[in-house]
Amino acid sequence: MWRFLQVSDPHLASLTDGQWNNNFICTMMPDVMRCLRRDVAKLDPDFILATGDIVSQDTRDAMFAARDLMDSLGVPYYPMGGNHDFVLPESREWFLEAFRAHLPVLDTVYSFTHKNLHFCVLDPWWQWKDGTLCPYIEGPSAGASWAVTPHQLRWLEDDLQAHSTLPTLIAVHYPAVQIPARMQRPGMRNAGSLANGALLIELLKGYPQVKGVISGHLHMNFIVTVNGLTHIVTGSLPEYPTEYREYQVYDDRIEVFTHGLSDPSFASRSLISGKDWTQGEVEDRTGIIRLT
Ligand SMILES: [Fe+2]
Ligand SMILES: [Fe+2]
């Protein structure tokens, strides 16, 4: 058995706090990362998958500050971008500059193989109301969504064809699935799923080696299985329940666990009474992905 961790939506290097479904306390992240460093060391993972919204301020300095905080965890990691990372025309250039030592190729779309598992990392673009795609925000972003570009879908098919014998996970900031009905609450804030998630799921049907899709963005935990494909959505570190996932990889399966920080005060500071449902139910917190 070997393990990797998933850390999502740390929103590092932000000087402002706010509220999403729970209090969203970005200014506690330096302390959270110090706690996480200690917690991660006990698990000794092979690497961390950081599923986007790594930085939360649109400057080159912030990108490097976020990189330094990720480096402070003391574990190899694979970064990917989200809507808070890729905002400006320069954002991807800064990302590649800051994280180049952590990327297998100098690109925001990449794949890698670790032991018995293959990973494909995607970088969806902004999609405007008229359906046009753009890699960054131009004009007001209200009503925008995100979609995997046709070029990336072709890249994904080529990559999956070239690695057809390896069990594969897709990692993408935006979930391909919607928030399940059991999680819905009146007044719930929904950051939105991939505009062409159904198309991506349809494409993946042709590649049975793909066993799971790992995402963040929604700042809540859930696990759903659609047509035999497991979708794992993991909450945001600065927002309740301030958790991360552990994936224990065996020859025939991956066991998924959810962990809070060893210092529970971060979660309790963020929690708004009655909104603890963002941690998910039992079925959203542990799971098994069959690899055979
Ligand atoms: Fe986020
Ligand atoms: Fe996001």
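Our subject is the structure listed above.
Conventions we followed
- Residues numbered from 1 in each chain as written.
- Chains lettered and ligands numbered in written order.
- Predicted model: local features only at pLDDT ≥ 70, side-chain atom pairs only at ≥ 80, totals over all residues.
- Heavy atoms only, no water.
- Salt bridge = Lys/Arg side-chain N within 4 Å of Asp/Glu carboxyl O.
- Helix = DSSP H or I, 4+ residues; strand = E, 2+ residues; numbered from the N terminus.
- Buried < 20%, exposed > 50% of the residue type's maximum accessible area, 1.4 Å probe, protein only.
- Pairing = 2+ DSSP bridges.
- Axes fitted to C-alpha atoms, helices over the stretch in contact; angles between N-to-C directions.
- Phe/Tyr/Trp six-rings, centres within 6.5 Å; stacked < 30°, edge-to-face > 60°.
- Lys NZ or Arg CZ within 6 Å of the ring centre and 35° of its normal.

### Some details on the pattern of salt bridges
This structure, assessed with the given rule, holds 14 salt bridges. For lysine 205, the salt bridge identified is with glutamate 202, shortest N-O distance 3.1 Å. Of this pair, lysine 205 and glutamate 202 are both found in helix 5 (residues 197–205), 3 residues apart, which corresponds to roughly one turn of the helix. Glutamate 202 sits in the partly exposed class, given a relative accessible area of 46%. In this structure, a network of salt bridges that share partners links the residues Arg182, Glu281, Glu283 and Asp284.

### Remarks on the sheet that holds strand 13 (residues 222–226)
Strand pairs in the sheet, formed through backbone hydrogen bonds, run parallel or antiparallel to each other. Spatially, 6 strands are ordered 6-7-11-12-14-13 in an open sheet, and the strand pairing comes out mixed. Of all the strands in the sheet, just strand 6 (110–114) and strand 13 have a single pairing partner and so form its edges. Looking at each pair of strands side by side, their axes are set apart by 20 degrees on average, direction ignored. Bridge count between strand 13 and strand 14 (residues 229–233): 5 bridges; the pairing is antiparallel. Each bridged residue has a counterpart across the sheet, and for valine 226 the counterpart in strand 14 is leucine 229.

### Observations concerning the packing of aromatic side chains
Here the structure, examined in full by the defined rule, presents 18 aromatic pairs. Centre to centre, the rings of tyrosine 77 and phenylalanine 99 are 6.1 Å apart; their planes meet at 80 degrees, and the pair counts as edge-to-face. One end of the pair, tyrosine 77, is in strand 5 (residues 77–79); the other, phenylalanine 99, is in helix 3 (residues 91–99), with 22 residues separating them in the sequence. Taken as a pair, tyrosine 77 and phenylalanine 99 share a single burial class, namely buried. Summarising the aromatic geometry, the rings of phenylalanine 112 and phenylalanine 119 are spaced 4.7 Å apart at their centres and angled 5 degrees between planes, so their arrangement reads as stacked. Ring-pair connections join several aromatic residues into one group, and the members of that group are Trp2, Phe4, Phe47, Tyr78, Tyr110, Phe112, Phe119 and Tyr247. A cation sits over an aromatic face here: arginine 253 above tyrosine 250, 3.9 Å from the ring centre.

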